[in-house]
Amino acid sequence: MSKDSTWLLNTMRTSLKAPERYTVTDDGSTDQECDNGKHKRTFAAHMKVPASPNAHTALILDAGNVSGFLSPRGYELDTEAGRVRKSDNKYVEALFNEKAHTRITVTLTVYDASTLSYTLTGTTDCL
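Calculation rules
- Residues numbered from 1 in each chain as written.
- Predicted model: local features only at pLDDT ≥ 70, side-chain atom pairs only at ≥ 80, totals over all residues.
- Heavy atoms only, no water.
- Helix = DSSP H or I, 4+ residues; strand = E, 2+ residues; numbered from the N terminus.
- Buried < 20%, exposed > 50% of the residue type's maximum accessible area, 1.4 Å probe, protein only.
- Contact = heavy atoms within 4.5 Å.
- Disulfide = S-S within 2.5 Å.

Caption draft 1: Region of interest: the overall build of the protein chain. The helix and strand inventory of the protein chain stands at 2 helices and 9 strands. Ordered by position from N to C terminus, the α and β elements of the protein chain give α-β-β-β-β-α-β-β-β-β-β. By the burial criterion, 40% of the 127 residues in the protein chain qualify as buried. For the protein chain, long-range pairs separated by at least 24 residues make up 53% of all intrachain contacts whose partners lie at least 6 apart in sequence.

Caption draft 2: Spatial organisation of the state of the cysteines. Enumeration according to the criterion identifies 1 disulfide in this entry. Paired through a disulfide, Cys 34 and Cys 126 show a sulfur-sulfur distance of 2.0 Å. Taking the sign of the S-S torsion, about -75° here, the bridge from Cys 34 to Cys 126 comes out left-handed. In this pair, Cys 34 sits in the loop between β2 (32–33) and β3 (39–40) while Cys 126 sits in the segment after β9 (115–124), placing the two residues 92 residues apart along the sequence. Judged by relative accessible area, which is 35%, Cys 126 ranks as partly exposed.

Right, here's the structure in full:
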């Protein structure tokens, strides 16, 4: 995991009062080949948190926290991926940090009225 993604997950967990720690599903410890002998790393994690009484409203409010948390760390909205609200139960926000050569995408999903799921995926540029 990148230090920014780990920081983001810990910050979101505290801010959202998540009862459980996030689960790392890809720790980013393995190089993946790109063209021209370059390599990149991917990382991913998942966290479930209780939703507010109105899960749809919580989805929108919590989504704004992602860019708010990461912008002071040099991340900007990825205009190619953009901010996409795919449906009433899913919201995707993609950000990038040019200096760190890292892209982070956070997907928030409402599974039922009481649970939000945060999935964070990231990748470095091919370096």
